[in-house]
Amino acid sequence: MAYGKDIKEILYGGDYNPEQWPQEVWEEDMRLMKKAHINIVTLNTFSWAALQPSEDRYCFENLDRIMDLVRKNGLKVCLATATGAHPAWMAKRHPDILRTDRNGIKRKFGGRHNSCPNSPSYRKYAAKLAGLLAKRYKGYENIVAWHVSNEFGGECYCENCEQAFRKWLQKRFGTIEELNRVFYTAFWGHTFYSWDEVVLPNLQSEHFLADGMERSMFQGITLEYRRFMSESMLECFQMEYQEIKKEMPDIPVTTNLMGFYKPLDYQKWAKQMDFVSWDSYPDPADTPAETALQHDLMRGIHKQESFVLMEQTPSVTNWQPYNRLKRPGEVRLLSYQAAAHGADAIQFFQIRQSVGACEKFHGAVIGHAGRDDTRVFRELEQLGRELGQLGDVFLEGHTPAEAAIFFDWDNWWALEDSAGPSIRMKYLDAVKDYYTAAFESNIPLDIIGMEDSFDSYKVIIAPLLYMTKTGIDERIRKFVGNGGIFVTTYFSGIVDGHDLVVQGGYPGRLRDILGIWVEENDALLEGEENSFVYKGTLYPARVLCDLMHLEHAKALSVYAKDFYQNMPVITKNQFGRGYAYYVGTRSDSGFYHKFLEDIFTEAKVAEAMATPKGVEAAIRVADDREVLFLMNHNEGSEWVVLNHDYSDLLNGKEYRKGDPVEVGAKGVFLFLKRNTK
Ligand code: GLA
Ligand code: ZN
């Protein structure tokens, strides 16, 4: 569920900040929004200072006017609680609201997303404001969702956070002995004798800068801090959530997430959110697969349900080093790509472009010229018309994936905080290696967490599964035992949930499933490569080479050189009724394509459709309707041969299986599969 089951249209709109404009402009905005087929606005995102000008004075009159205006104009509202940036007076009067940076320096008023999540003042005033807003606006039937704060994130190292951290640890570990065990404090004589000796891990304590990155001397403490900080912010979300629910129990509550945002464990967050919404700002260099992967992640954290694309730029960002314009057709293409991967609403940051401050050059539906005959406006108007035409054809539709990739925030944190063996070993690189190869073959994929059900999948891929938390091995054992295919990679199964090594040979708890044991890991220097032959082709081995021994597994390939020449690099192990594969190094896209093609063939996992390179085919199934999205990410047009009978959802044209269709550059087709039961 995204905005709710009662919504039978694709909501289209974006962040609207009328508090930045004189009222004369508002009516013109209404006219322009209507023209662009906009039907939803996100309001009130950064109005805390306006709503609460002093300690005990609240002033909602301006917001009342805005709420009435948009209601009168038939717009739906996603109402933000305005707590993403605290007022200046609050920072002066209650300095506990200010964050402390990782270098220990306390910040002054400035910026946004800057309140300490453990500040009693912040918690008190944020919750109060959310409650007051809900009480005041609960009669507005056009509110379709609440939007708590904005892009929660960052971190804090203040005294309040330190005290809260100690309490949190005490609750989590019970005794100081257990704390010492999980933090491995026997190393370097860091034994703690009482809870108040524990300090936050930052550049004043366990962290230091090396090789351009911040590193930790005690990864156990750092890992717990990351868990703690993510949870502290989640508590802030929940506090506001509860205040809203007291007044409007039936309206869904969300906050806008940011895809692969490392500091927050979104898998835990999503469990507390009614639906996921997220802000997609692909870098111009990102591949279509990288954008799709984040949509799939955002769908995956909330039970594979549909989500809201809360923000994207209609044209250009302002905060990248080079802010390249989206090319003609690109905003349409990216909007449909989001929809193909689960979005039920398409929204922009922002409706009208600011005049001052740091986002004045950020793209908007209505630019500085204020006109409706610009390239961007015309493209948005056309897109709005089309979305209106589509009605609810794919709303709430699911994505029929038979293969899944594991993703886990704890693993991400622990892996990249671990000192050794290589700073070039990055979790997202490994995930993208596998995702991209599957994506480019139009294999629908789910991104799943450790606690999600494995039941509906034939293949599960767990790239760089460094951390094996208690119980995960048993679930994988069951999955493979029952006939599933499991793939994992180099440097997996190394530690438990506290970042303590599982002894007895890597990959620890996964050894019996994989039928191998890894003795050493060789980090290759930049530019250095080993190689291996797989099914007759030579592929590179990069970044890390695991030196392993077979127990029950078979080697599918061996290293071509160095002192570990002829040692296995890729293995396959029969375990129960299924198979477990281990890929002991990082290779190139040629290898991942070939390897996954073999895996998917073996597992009988089907592609959505065969297309030329750069043309994406993806499916959403809603009730008995199967919708095929055909999206050409290339600069030139491409021909695709249809694999079924389809009707074109945008112009009603009928096609037969085997018909060729030309998809223009950045073009999109939406087809309804005919004769579906
Ligand atoms: C984020 C924020 C918005 C705006 C945009 C600009 O996603 O949520 O308020 O700053 O970035 O790209
Ligand atoms: Zn703090």
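Look above for the structure.
**Details of the overall build of the protein**
In terms of regular secondary structure, the protein is built from 17 helices and 29 strands. Scaling as 2.2 N^0.38, a compact globule of 677 residues should have a C-alpha radius of gyration of about 26 Å, and the protein matches this with 26 Å. Each principal axis of the C-alpha distribution contributes one length, and for the protein these read about 75 × 75 × 40 Å. Per-residue burial for the protein yields a buried fraction of 61% across its 677 residues. For the protein, contacts bridging at least 24 residues in sequence account for 72% of all contacts bridging at least 6. Approximately 26,800 Å² of the protein is accessible, and the part contributed by carbon and sulfur atoms is 51%.

**Description of the packing of helix α6 (residues 159-173) against helix α8 (residues 219-247)**
Look at α6 against α8: their axes get within 10 Å of each other, and the N-to-C directions meet at 105 degrees. Put simply, α6 runs roughly perpendicular to α8. Across from Cys161, Ala164, Phe165, Trp168, Leu169, Arg172 and Phe173 in α6, the residues of α8 making contact are Ile221, Glu224, Tyr225, Arg227, Phe228, Met229 and Glu231. The class makeup of the residues in the contact of α6 with α8 is ten nonpolar, no polar and four charged.

**Some points on a nonpolar patch on the surface**
A cluster of nonpolar residues, Tyr184, Phe187 and Trp188, forms a patch on the protein surface that exposes about 380 Å² of accessible area. With respect to the element layout, tyrosine 184 can be found in the loop between α7 (176-183) and β5 (207-210).

**Description of the sheet that holds strand β13 (residues 445-448)**
Read from one edge of the open sheet, seven strands run β13-β12-β14-β15-β21-β20-β19, paired in mixed fashion. Each of the sheet's edge strands pairs with one partner strand only, and the pair in question is β13 and β19 (554-558). Geometrically, the sheet is characterised by an average inter-axis angle of 20 degrees between neighbouring strands, direction not taken into account. Pairing geometry for strand β12 (residues 403-406) and strand β14 (residues 459-462), over three bridges, is parallel. Residue pairing for β14: alanine 403 is matched across the bridge by valine 459. The strands touched by helix α14 (residues 427-440) within the sheet are β12, β13, β14, β15 (485-489) and β21 (578-583), with β12 carrying the most contacts at an inclination of about 170 degrees.

**Examining the site of ligand 1**
Neighbouring ligand 1 are Phe46, Arg112, Asn150, Glu151, Asn256, Asp279, Tyr281, Glu311, Trp319, Phe349, Glu359 and His362. Within the side chain of aspartate 279, an N or O atom sits 3.4 Å from an oxygen atom of ligand 1. Considered on its own, ligand 1 offers 310 Å² of accessible surface; in the complex 97% of this is hidden by protein. The class makeup of the residues in the shell around ligand 1 is four nonpolar, three polar and five charged.

**Re the packing of α8 against helix α13 (residues 409-417)**
Closest axis-to-axis distance for the α8/α13 pair is 10 Å, and the angle between their directions is 145 degrees. Of the two possible hands of crossing, α8 and α13 adopt the one that is right-handed. Between α8 and α13, the residues in contact are Gln219, Thr222, Leu223, Arg226, Arg227 and Ser230 and Asp410, Trp413, Ala414 and Asp417, respectively.

Reading the values: the criteria
- Residues numbered from 1 in each chain as written.
- Chains lettered and ligands numbered in written order.
- Predicted model: local features only at pLDDT ≥ 70, side-chain atom pairs only at ≥ 80, totals over all residues.
- Heavy atoms only, no water.
- Helix = DSSP H or I, 4+ residues; strand = E, 2+ residues; numbered from the N terminus.
- Rg over C-alpha atoms; globule rule 2.2 N^0.38 Å.
- Buried < 20%, exposed > 50% of the residue type's maximum accessible area, 1.4 Å probe, protein only.
- Contact = heavy atoms within 4.5 Å.
- Areas by Shrake-Rupley, 256 points an atom, 1.4 Å probe, with all protein chains shown as cover.
- Axes fitted to C-alpha atoms, helices over the stretch in contact; angles between N-to-C directions.
- Parallel < 35°, antiparallel > 145°, perpendicular 65-115°, else oblique.
- Nonpolar A, V, L, I, M, F, W, Y, C, P; charged D, E, K, R; others polar.
- Patch = residues over 30% accessible without salt bridge, like charges linked within 9 Å, V, L, I, M, F, W, Y side chains within 5 Å.
- Salt bridge = Lys/Arg side-chain N within 4 Å of Asp/Glu carboxyl O.
- Pairing = 2+ DSSP bridges.
- Near = heavy atom within 4 Å.
- Polar contact = N/O pair within 3.5 Å; in protein donor to acceptor, adjacent residues only side chain to side chain.
- Left-handed = near helix turned anticlockwise from the far one by under 90°.

By themselves, these are just geometric observations and shouldn't be taken as functional.
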